[in-house]
Amino acid sequence: METCRTCKEHKTHDDFQKSQNKITKICKSCLNEYSRQYYQKNREKKLQYWHEFDQIKRLCELCNKSIHRSYIKKHQLKHLTSSNHAGV
Ligand SMILES: [Zn+2]
Ligand SMILES: [Zn+2]
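The rules we used
- Residues numbered from 1 in each chain as written.
- Chains lettered and ligands numbered in written order.
- Predicted model: local features only at pLDDT ≥ 70, side-chain atom pairs only at ≥ 80, totals over all residues.
- Helix = DSSP H or I, 4+ residues; strand = E, 2+ residues; numbered from the N terminus.
- Rg over C-alpha atoms; globule rule 2.2 N^0.38 Å.
- Buried ≥ 20, exposed ≤ 12 C-beta atoms within 10 Å, placed from the backbone.
- Contact = placed C-beta atoms within 7 Å.
- Domains from an automatic or database assignment.
- Pairing = 2+ DSSP bridges.
- Expected span 1.5 Å × (residues − 1).
- pLDDT = per-residue confidence, 0-100.

Draft legend 1. How the structure looks around the overall build of the protein chain. Along its length, the protein chain carries two helices and six strands. Along the protein chain, from the amino end to the carboxyl end, the secondary structure elements read β-β-β-β-α-β-β-α. A globule of 88 residues ought to have a C-alpha radius of gyration of about 12 Å, yet the protein chain, at 27 Å, is considerably larger. Taken along its principal axes, the extent of the C-alpha atoms in the protein chain is 80 × 25 × 15 Å. A total of 88 residues make up the protein chain; the buried ones form 1% of that total. Put simply, of all contacts in the protein chain between residues at least 6 apart along the chain, 4% involve residues at least 24 apart.

Draft legend 2. Layout of unusual backbone geometry. We note that Q20 has phi near 50°; this positive angle belongs to a residue other than glycine. Counting through the fold element by element, Q20 comes out in the loop between β3 (16–19) and β4 (22–27). The backbone of N21 sits at a positive phi, close to 65°, despite the residue not being glycine. Tracing the backbone through its elements, the reader meets N21 in the loop between β3 and β4.

Draft legend 3. Expanded view of the domain arrangement of the protein chain. Structurally, the protein chain comprises domain 1 (1–55) and domain 2 (57–88). Averaged C-alpha coordinates put domain 1 and domain 2 at centres separated by 47 Å.

Draft legend 4. Geometry of the pairing of β4. Sheet topology places β3 next to β4; three bridges connect them, and they run antiparallel. By the bridge assignment for β4, S19 is matched with K22. Taken together, β3 and the strand that follows it, β4, pair antiparallel across an intervening segment of two residues, in which Q20 is found at a positive phi of about 50°.

Draft legend 5. Seen up close, helix α1 (residues 28–55). Helix length check: α1, at 28 residues, gives a terminal C-alpha distance of 40 Å against a target of 40 Å (1.5 Å per residue), a fit within 8%. Burial analysis of α1 places just zero of its 28 residues in the buried class, which makes it a mostly uncovered element.

Draft legend 6. Representation of the environment of C63 within the structure. Here C63 lies in the loop between β5 (57–59) and β6 (66–68). Looking at C63, the number of C-beta atoms within 10 Å reads 11, which means it is exposed.

Draft legend 7. Looking closely at the confidence of the model for the protein chain. When pLDDT is averaged along the protein chain, the result is 88; 93% of the residues meet or exceed 70. Of all secondary-structure elements in the protein chain, the lowest mean pLDDT belongs to helix α2 (residues 72–86), at 82, while strand β2 (residues 10–11) reaches the highest, 94.

Right, dumping it as structure tokens:
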């Protein structure tokens, strides 16, 4: 019998994951819970990231593309220089 470090429950060796012949002191169900939480946290972070990214995008009125705020000047300069070349 082993005691899980996280839930303090006594479980058989089968309930623990073996890593390099050693048994982890966290049972499988706790590990599952842990990875689930980790995944969810990561997912929220990613969503938050994309949400923020969306807010710092600007629409280029010349081509209707959404461009990152810090690139829009560079991007529009390209339009201006290329249209000058074309003579439009
Ligand atoms: Zn546990
Ligand atoms: Zn553009």
